[in-house]
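Read off the chains here:
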Amino acid sequence: MLSKVFSAAVTGIEAFLVEVETDISPGLPCYTLVGLPDNAVRESRERVSSAISNIGLRFPLKRVTINLAPADRKKEGAAFDLPIALALLAASGQLPPERLERCLVLGELSLDGKLKPVHGALPIAASCRKLGLEGLLLPRANAVEAAVVRDLEVIGVETLAEAVRFLAGEQELKPTRVDPNDLFSSRLSYGVDFSDVKGQEHAKRALEVAAAGGHNLLLIGPPGSGKTMLARRLVTILPRISLEEAIETTRIHSVAGLTGESQSLVATRPFRNPHHTISDAGLIGGGRIPRPGEVSLAHNGVLFLDEMPEFQKNVLEVMRQPMEDGEVSISRSLITVSYPARFMLACAMNPCPCGYLTDPAHSCHCTPTQIKRYMSSISGPLLDRIDIHVEVPAVPFDQLADKRSGENSENIRARVEKGRGLQLERFRGADGIYCNAHMGRQALKKYCVLNEECLALLRQAVTHFGLSARAHDRILKVSRTIADLAGSESIEAAHLAEAIQYRSLDRTAMR
Ligand SMILES: Nc1ncnc2c1ncn2[C@@H]1O[C@H](COP(=O)(O)OP(=O)(O)OP(=O)(O)O)[C@@H](O)[C@H]1O
Ligand SMILES: [Mg+2]
Ligand SMILES: [Zn+2]
């Protein structure tokens, strides 16, 4: 007998339909699986047969042929266990096909018949309707995540037995329903806040400017000065993530297998903080069937590279393309996959190898050559994409001991959102520009016009500090943002002067 069960797999964050066709015919028992299965799919036989016997049903001891169509796309992972098991039960007459035909099925089986969560539930749920299916049957742990998609009947099950009873009409199960808006608003808290940071007014202001214009930034300071602490709080002052952005980011996290019962919707801007030993595949994505890397997991949020000089130069250089395009493409022999990767980059480093060059309380014994080598170890192409350099000094004890707390993230975010609002107006209709940081040469010319006073100031700064043309453009962009924060139509000398301050690496001519 023949049966067919619908399942799906993802390429990038898009799902495609996989039909699990099963044929059982008389003959010596054998089990053939075709349609480009990987090892995990091939091993489904052991899990499926054991799970079926363990719930008191029969695994057919005949000639079993299973085809995963379309045959030309690679199938990987264990999510086909449940559809294969159900297809076998249907083909051997142990399960009526009517309910089964209307839904898409996903799930990994353990030997005792329990279901384990799968990757990619959200992108698959999102395409169910497009694929013409009205229901999605999947492990309960994935149900809330999938139910974020509207107008889809999501049935979460714990075990194979429960799935069978439901499909046979012996047990009714309530579809999982969530209101994405409720889920969204209940999970908006970051758990950290800018009011935790004592002192550091200069650094906090720099972070506000960076957030307001979407500028990448570099924090430079001695150990313990609070660089990591500040970077973690950057997400809390970015404009609130929208539901669409949250769903987009969740799709990526879902494919990476980072979602589950505790995290069904990534409702806050992600903060990703990879260790400096990360590989280029870990950073931009990779694997035989490419999985998203840190740049994509940070989509719509912040990617923080702490101890930047410790990262392998070639690893950082692979970030060039994603940073330019806002997405990564990874090519493999069989497929090319792209993942969104629009993030703000924050980096941190010490001012010298020992770390204490700028700390008045410690003495630094690094030689000028050591310092020079340390500075030149940071990746040039990456540094070129950083608009703002912030010096983070060690906080004096009496400031740390101060009981009063600083301004909270919500207040700062309100100003950031106002500044971003002006930018959205400004760049309406300009393709690919959403904030000042995205401005190219043309836009700079149009929107960053300087008056006489500013021109004189900039000329002086360029000659005095020996600034490069690149630094010059970055100063213009950042002054535009500072003017936006001040609600000023034109860039004034004070705005420009502040922007010049944020080029400390150029000014100290450390490079
Ligand atoms: N301005 C501050 N206000 C309150 N606490 C602070 C401040 N600066 C530092 N701290 C405290 O010091 C700890 C160390 O800070 P953090 O790890 O951010 O320093 P760092 O600059 O990243 O150091 P390293 O160079 O060693 O990575 C923080 O966890 C925090 O408790
Ligand atoms: Mg740190
Ligand atoms: Zn030193």
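Basis of the calculations
Residues numbered from 1 in each chain as written. Chains lettered and ligands numbered in written order. Predicted model: local features only at pLDDT ≥ 70, side-chain atom pairs only at ≥ 80, totals over all residues. Heavy atoms only, no water. Donors = N, O, S within 2.8 Å, 3.2 Å for Na, K, Ca; no water. Tetrahedral: all angles 85-135°; square planar, octahedral: opposite > 155°, others 65-115°. Helix = DSSP H or I, 4+ residues; strand = E, 2+ residues; numbered from the N terminus. Buried < 20%, exposed > 50% of the residue type's maximum accessible area, 1.4 Å probe, protein only. Domains from an automatic or database assignment. Contact = heavy atoms within 4.5 Å. Buried area = accessible area lost by both parts, 1.4 Å probe. Near = heavy atom within 4 Å. Polar contact = N/O pair within 3.5 Å; in protein donor to acceptor, adjacent residues only side chain to side chain. Areas by Shrake-Rupley, 256 points an atom, 1.4 Å probe, with all protein chains shown as cover. Nonpolar A, V, L, I, M, F, W, Y, C, P; charged D, E, K, R; others polar. Axes fitted to C-alpha atoms, helices over the stretch in contact; angles between N-to-C directions. Parallel < 35°, antiparallel > 145°, perpendicular 65-115°, else oblique. Salt bridge = Lys/Arg side-chain N within 4 Å of Asp/Glu carboxyl O. UniProt positions renumbered as here; feature names shortened; annotations may be inferred. Core = buried A, V, L, I, M, F, W, Y, C linked by side-chain atoms within 4.5 Å. Pairing = 2+ DSSP bridges.

Points about the coordination of the zinc ion (ligand 3)
Next up, step 1: Bound to the zinc ion (ligand 3) on the protein side are Cys352 (SG), Cys354 (SG), Cys364 (SG) and Cys366 (SG), at distances that span 2.2 to 2.4 Å.
Next up, step 2: Seen from the zinc ion (ligand 3), its 4 donor atoms lie at angles of 107 to 114 degrees, and the figure they make is tetrahedral.
Next up, step 3: Along the chain, the residues that donate to the zinc ion (ligand 3) are spaced as C-x1-C-x9-C-x1-C. Residue Cys354 is located in the loop between strand E17 (344–349) and helix H17 (368–376), and its partner Cys364 is located in the loop between E17 and H17; the two are separated by 10 residues in the primary sequence.
Next up, step 4: A residue is classified by how much of its surface remains accessible, and Cys354, at 31% relative accessible area, is partly exposed.
Next up, step 5: For Cys364, a relative accessible area of 23% gives the class partly exposed.

Here we look at the domain arrangement of the protein
Next up, step 1: Each assigned domain of the protein is listed with its residue range as follows: domain 1 (2–178), domain 2 (194–423) and domain 3 (439–511).
Next up, step 2: Summarising the inter-unit geometry, the C-alpha centres of domain 1 and domain 2 are found 40 Å apart.
Next up, step 3: Listed as interface residues are 18 residues of domain 1 and, on the opposing side, 22 residues of domain 2.
Next up, step 4: The junction of domain 1 with domain 2 conceals about 1800 Å² of combined surface from both sides, 63% of it contributed by carbon and sulfur atoms.

Concerning the environment of Glu101
Next up, step 1: Relative to the helices and strands, Glu101 is located in helix H4 (residues 98–101).
Next up, step 2: Judged by relative accessible area, Glu101 falls into the partly exposed class, the value being 46%.
Next up, step 3: Along the sequence, Glu101 and Ala126 sit 25 residues apart, while their C-alpha atoms lie 19 Å from each other.
Next up, step 4: Excluding residues that lie within four positions of it along the chain, Glu101 makes contacts with Phe6 and Leu133.

A closer look at the site of ligand 1
Next up, step 1: In the neighbourhood of ligand 1, 16 residues make up the surrounding shell, with Lys198, Gly224, Lys227, Thr228 and Met229 lying closest.
Next up, step 2: Separating an oxygen atom of ligand 1 from a backbone N or O atom of Met229 is a distance of 2.8 Å.
Next up, step 3: Protein coverage of the free-state accessible area of ligand 1, which is 630 Å², stands at 67%.
Next up, step 4: Here the shell around ligand 1 is composed, by residue class, of 6 nonpolar, 6 polar and 4 charged.

Considering the packing of helix H9 (residues 201–213) against helix H23 (residues 469–485)
Next up, step 1: The N-to-C vectors of H9 and H23 enclose an angle of 95 degrees; their axes lie 9 Å apart at closest approach. Taken together, the axis directions place H9 and H23 in an arrangement best described as roughly perpendicular. In contact with Arg205, Glu208, Val209, Ala212 and Gly213 of H9, H23 contributes Val478, Thr481, Ile482 and Leu485.
Next up, step 2: Of the residues that constitute the contact of H9 with H23, the class distribution is 5 nonpolar, 2 polar and 2 charged.

A word on the pattern of salt bridges
Next up, step 1: Scanning the model with the defined rule gives 24 salt bridges in all.
Next up, step 2: In this structure, the salt-bridge partner of Glu172 is Arg99, at a minimum N-O distance of 2.8 Å. Residue Glu172 is located in the loop between helix H7 (160–167) and helix H8 (180–186), and its partner Arg99 is located in helix H4; the two are separated by 73 residues in the primary sequence.
Next up, step 3: By relative accessible area, Glu172 is classed as exposed at 52%.
Next up, step 4: A residue is classified by how much of its surface remains accessible, and Arg99, at 24% relative accessible area, is partly exposed.
Next up, step 5: Arg233 is the salt-bridge partner of Asp196, the closest N and O atoms lying 2.9 Å from each other. With Asp196 in the loop between H8 and H9 and Arg233 in the loop between helix H10 (227–232) and helix H11 (234–237), this residue pair connects regions lying 37 residues apart in the sequence.

Some details on the UniProt feature "domain: AAA+ ATPase" (unreviewed entry) in the protein
Next up, step 1: When the UniProt feature table is mapped to this numbering, "domain: AAA+ ATPase" (unreviewed entry) covers residues 213–396.
Next up, step 2: In residues 213–396, helix accounts for 31% and strand for 18%; the two terminal C-alpha atoms are 30 Å from one another.

What about the nonpolar core?
A general feature of soluble globular proteins is that nonpolar side chains tend to end up buried together.
Next up, step 1: Counting 66 residues, the largest nonpolar core has Leu136, Leu218, Leu305, Met319, Phe343 and Leu345 as the members making the most contacts within it.
Next up, step 2: The biggest single contributor to this core is helix H5 (residues 121–128), with 5 residues.
Next up, step 3: Counting residues domain by domain, this core receives three or more from each of domain 1 (2–178) and domain 2 (194–423).
Next up, step 4: Sequence-distant contacts of Leu136, that is, excluding residues within four places in its chain, are made with Cys103, Leu104, Leu106, Ala125, Cys128, Ala146, Leu152, Glu153, Val154 and Ile155.
Next up, step 5: Core analysis: the next-biggest nonpolar cluster, separate from the first, contains 52 residues, Ala212, Leu230, Phe304 and Leu467 among them.

As for the sheet that holds strand E11 (residues 271–272)
Next up, step 1: Read from one edge to the other, the open sheet built from 5 strands follows the order E11-E14-E17-E10-E18, with strand pairing classed as parallel. Strands at the two margins of the open sheet, each flanked by one partner only, are E11 and strand E18 (388–391).
Next up, step 2: Direction of pairing for strand E10 (residues 217–220) relative to E18: parallel, over a ladder of 4 bridges. In the strand pairing of E18, Ile220 is matched with Glu391.

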